[in-house]
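Residues per chain, in single letters:
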Amino acid sequence: MTAEHAAGGLDPEDWEGFRKEAHAMLDAALDRMQGACDGRVWTPLPEDAKAGLQEALPRQGRGVAAMREGCEALLDYGVGNTHPRFFGWVHGSGTPGNIIAEIAAAAMNANLGGRDHGAIYVERQVVEWCRALMGFPESASGLVVSGTSMATLIALKAVRDRALGIETRRAGCGAARLVGYCSSETHACVARAFDILGLGSDALRLIPVDAAFRMQPEALREAIAKDRADGAQPFLIVGTAGAVNVGAIDPLDTLAEIAAAEGLWLHVDGAFGAIGMASTKIKPQLCGLERADSLAFDFHKWMHVNYDAGCVLIRSEEDHRRAFAARPDYLAGAPRGLAAGDRWPVDYGPELSRGFRALKVWASFVEHGVDRFGALVERNCTQAAYLGHRVEAAPEMELLAPVALNIVCFRVLRDGADAAALDALNAEIVLRLQEAGIAAPSTTRIGGKLAIRVNITNHRTSERDLDILFDAVMKEAHA
Ligand SMILES: Cc1ncc(COP(=O)(O)O)c(C=O)c1O
């Protein structure tokens, strides 16, 4: 410890001992990542470990070794999404490289609410790369956020305030009857944003989908016309690039045309699908995404940035800033010094204090390059098609939705079983695979039927992993 450190602070007294603990933790973390393909997919936290966590608030610290041991003891009890046979929900699988970036971010302990410091320039560069990747204009603005739910909230706040006028920020929504439109397959975070923004989730019209689970443009046009005739104020269309149940991509180009013709804002939820813009094969399916007024997507899904990190892009920087900018005196900018710098993130989102999430995103782009992400997206889609074919070829299985991208929804059939029995059978198969540690698919409902849902946003998955999953489902089906 140098003489300048005040006694009684939180820095180690024994830096050599501290370094040993830190290096031990780094080795354990790297061992964990290096062995990510081995062993069980998911292991629940043992009862004694749960009990061990339920200690009284420590009045006295136990030191760095005890703290490091406690952290290390948790390593095997994650969600399982670092394993190649994790297929549940939509989770990215993380990278060892991000461990390095997280160490640097922790050492800097930067607050990215604003001001003029290195981390701000990194976030700006990440947003700029994303703007270019997604085909947004140079004038667009953006922010690195916790995930698509937060990105959606920020985008919808910008469009709400544009539609109702900026005085809404002070006066509230009053009796306004704003209505928005999305497909019945849209993620629940959009309805949640309507709720949080005081619009009410009933103001979000769910437009029916076609056989490929894509929004039906004609039904959208009719709904808008009906709402206008009823005196409501349509303001927003939400398209999805990769719907959470089956991976469907709405006809974004057509939605952009309808939005332009009707004077509505087009928001795209590209939580995982937007990263398809990195692939020359997938990009054509996303045609129209670049015409959106706003886009929400995640780095922690198909780009595998370690949790959590997402992004919002907004075409009109002015609409974006006007929805959030309002700085009290103590946050005033300055022409020089630490409080200098234009575009403070606090003026573009609800959070004042913000961590350095952007560094791990920057690190992933720098380490791997965007073409690699594109290639991995394509590989996952090929793998989904492969699994889909295996399901279709099996008489005792039923594919419940076309494989549009990276998700396979299917179920096991059993002679004589009624609808409820089939639901129970398939739910039980998923639970057994998870509990056995063999694989971790999840479930959803397709047309009312319980589906085994296999989502492949996993850079560690091989075809062999899909064979292991398929064989395990078959075995359970015949058990
Ligand atoms: C299509 C879609 N939209 C939004 C979300 C919510 O994203 P997040 O969990 O990053 O907030 C998800 C999550 O799975 C999703 O799949």
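Reading the values: the criteria
- Residues numbered from 1 in each chain as written.
- Predicted model: local features only at pLDDT ≥ 70, side-chain atom pairs only at ≥ 80, totals over all residues.
- Heavy atoms only, no water.
- Helix = DSSP H or I, 4+ residues; strand = E, 2+ residues; numbered from the N terminus.
- Rg over C-alpha atoms; globule rule 2.2 N^0.38 Å.
- Buried < 20%, exposed > 50% of the residue type's maximum accessible area, 1.4 Å probe, protein only.
- Contact = heavy atoms within 4.5 Å.
- Areas by Shrake-Rupley, 256 points an atom, 1.4 Å probe, with all protein chains shown as cover.
- Lys, Arg positive; Asp, Glu negative; His and termini not counted.
- Charge placed at Lys NZ, Arg CZ, Asp CG, Glu CD.
- Pairing = 2+ DSSP bridges.
- Axes fitted to C-alpha atoms, helices over the stretch in contact; angles between N-to-C directions.
- Expected span 1.5 Å × (residues − 1).
- Patch = residues over 30% accessible without salt bridge, like charges linked within 9 Å, V, L, I, M, F, W, Y side chains within 5 Å.
- Salt bridge = Lys/Arg side-chain N within 4 Å of Asp/Glu carboxyl O.
- Domains from an automatic or database assignment.
- Buried area = accessible area lost by both parts, 1.4 Å probe.
- Polar contact = N/O pair within 3.5 Å; in protein donor to acceptor, adjacent residues only side chain to side chain.
- Near = heavy atom within 4 Å.
- Nonpolar A, V, L, I, M, F, W, Y, C, P; charged D, E, K, R; others polar.
- Core = buried A, V, L, I, M, F, W, Y, C linked by side-chain atoms within 4.5 Å.
- Parallel < 35°, antiparallel > 145°, perpendicular 65-115°, else oblique.

1. Topic: the overall build of the chain
Inference 1: Secondary structure summary: the chain contains 15 helices and 12 strands in total.
Inference 2: Since a compact globule built from 479 residues should have a radius of gyration of about 23 Å, the 24 Å found for the chain is in line with a globular shape.
Inference 3: Seen through its principal axes, the chain has C-alpha atoms that stretch 75 × 60 × 45 Å.
Inference 4: Counting every position in the chain, which comprises 479 residues, the buried fraction comes to 51%.
Inference 5: For the chain, restricting intrachain contacts to residue pairs at least 6 apart in sequence, the fraction spanning at least 24 positions comes to 73%.
Inference 6: Working note: accessible area of the chain is about 22000 Å², and carbon and sulfur atoms make up 54% of it.
Inference 7: Counting 49 positive and 62 negative side-chain charges, the chain places the averaged centre of each group 3 Å from the other.

2. Describing the sheet that holds strand β3 (residues 178–183)
Inference 1: Taken together, seven strands build an open sheet; the order of strands is β2-β8-β7-β6-β5-β3-β4 and the sheet is mixed. Edge positions in the sheet fall to β2 (141–145) and β4 (204–207), since each of these pairs with one other strand and no more. Across the sheet, the axes of successive neighbouring strands diverge by a mean angle of 20 degrees, strand direction being ignored.
Inference 2: Relative to strand β7 (residues 294–298), strand β6 (residues 265–269) is paired through three bridges, and the arrangement is parallel. Looking across to β7, one finds that Val268 is bridged to Leu295.

3. Some words on the sheet that holds strand β9 (residues 397–399)
Inference 1: Overall, mixed pairing links the five strands, which are arranged β1-β11-β12-β10-β9 in an open sheet. The open sheet is flanked by β1 (86–87) and β9, the only strands paired with a single partner.
Inference 2: As defined by bridge partners, strand β10 (residues 407–412) adjoins strand β12 (residues 449–455) across four bridges and the pair is classed as antiparallel. Each residue of the ladder has a partner; that of Val408, found in β12, is Val454.

4. With respect to the environment of Phe87
Inference 1: Structurally, Phe87 is set in strand β1.
Inference 2: Overall, the relative accessible area of 0% leaves Phe87 in the buried class.
Inference 3: Distance in space between the C-alpha atoms of Phe87 and Arg414 is 24 Å, their sequence separation being 327 residues.
Inference 4: Look past the residues within four positions of Phe87 in its chain and what remains in contact with it is Ala440, Pro441, Ser442, Arg453, Val454, Asn455, Ile456, Thr461, Leu466 and Leu469.

5. With respect to helix α5 (residues 118–134)
Inference 1: Between the first and last C-alpha of α5 there are 25 Å, a value that for 17 residues agrees with the 24 Å anticipated at 1.5 Å per step.
Inference 2: Among the residues making up α5, those that are buried are Ala119, Ile120, Val122, Glu123, Val126, Val127, Cys130, Arg131, Leu133 and Met134.
Inference 3: Tucked into the core, α5 has its buried residues touching α4 (97–108), β2, β7, β8 (310–314), α12 (357–368) and α13 (370–393).
Inference 4: Directly after α5, the chain includes Gly135, whose backbone phi takes a positive value near 75 degrees.

6. What to know about a nonpolar patch on the surface
Inference 1: Where nonpolar side chains cluster on the molecular surface, the patch consists of Trp129, Trp362 and Val366 and spans about 260 Å² of accessible area.
Inference 2: Along the chain, Trp129 turns up in helix α5.

7. Remarks on the pairing of β4
Inference 1: One ladder, built from four bridges, connects β3 with β4; its direction is parallel. Counterpart to Tyr181 in the pairing with β4 is Arg205.

8. Description of the pairing of β7
Inference 1: With five of five residues buried, β7 is to be regarded as a mostly interior element.
Inference 2: By the alternation rule, side chains of β7 split into Ser294, Ala296 and Asp298 and Leu295 and Phe297, which are all buried.

9. Some words on the domain arrangement of the chain
Inference 1: Entries for the chain in the domain assignment read domain 1 (110–368) and domain 2 (372–477).
Inference 2: Each side of the interface is counted separately: domain 1 has 27 residues, and domain 2 has 23 residues.
Inference 3: Buried area between domain 1 and domain 2, both sides added, is near 1900 Å², and the carbon and sulfur share of it is 69%.
Inference 4: Of all residues in domain 1, Asn245, Trp302 and His304 bury the most surface against domain 2, accounting for 33% of the area lost on that side.
Inference 5: Where domain 1 packs against domain 2, one counts five residue pairs in polar contact (both at pLDDT 80 or more).

10. So, the pattern of salt bridges
Inference 1: The full count for this structure, using the stated rule, is 30 salt bridges.
Inference 2: Measuring nitrogen to oxygen at the nearest pair gives 2.9 Å for the salt bridge that ties Arg228 to Glu262. Note that Arg228 is positioned in helix α9 (residues 217–229) and Glu262 in helix α10 (residues 252–262), a separation of 34 residues in sequence.
Inference 3: Take Arg228: its relative accessible area is 38%, and that puts it in the partly exposed class.
Inference 4: One connected set of salt bridges, linked through shared partners, spans Glu21, Arg68 and Glu72.

11. Overview of the site of the ligand
Inference 1: Around the ligand, the structure places 14 residues, and the nearest of them are Thr148, Ser149, Asp269, Asp298 and His300.
Inference 2: In this structure, an oxygen atom belonging to the ligand sits 3.1 Å away from a main-chain N or O atom of Thr148.
Inference 3: The contact in question runs from a nitrogen atom of the ligand to an N or O atom on the side chain of Asp269, over 2.6 Å.
Inference 4: Relative to its unbound accessible area of 390 Å², the ligand is 85% covered by the protein chains.
Inference 5: Tallied by class, residues from the shell around the ligand come to five nonpolar, six polar and three charged.

12. Details of the nonpolar core
Inference 1: Core analysis: the largest hydrophobic core is formed by 107 residues, its most contacted members being Met134, Leu289, Phe297 and Phe299.
Inference 2: The leading source of residues in this core is helix α6 (residues 148–164), at nine residues.
Inference 3: Lining this core are residues from two domains, each supplying at least three of them: domain 1 (110–368) and domain 2 (372–477).
Inference 4: The contact partners of Phe297, leaving out residues within four places of it in the chain, are Cys130, Met134, Thr148, Gly270, Ala271, Ala274, Ile275, Gly310, Cys311 and Leu313.

13. Describing the packing of α6 against helix α11 (residues 317–324)
Two quantities define a packed helix pair, namely the angle between the helix axes and the distance between the axes.
Inference 1: The interhelical angle for the contact between α6 and α11, taken along N-to-C directions, is 95 degrees, at an axis separation of 8 Å. Judged by the angle between their axes, α6 and α11 are roughly perpendicular. Across the interface between the two elements, Ile154, Lys157, Ala158, Asp161 and Arg162 of α6 pack against Asp319, His320, Ala323 and Phe324 of α11.
Inference 2: In terms of residue class, the contact of α6 with α11 is made up of four nonpolar, one polar and four charged.

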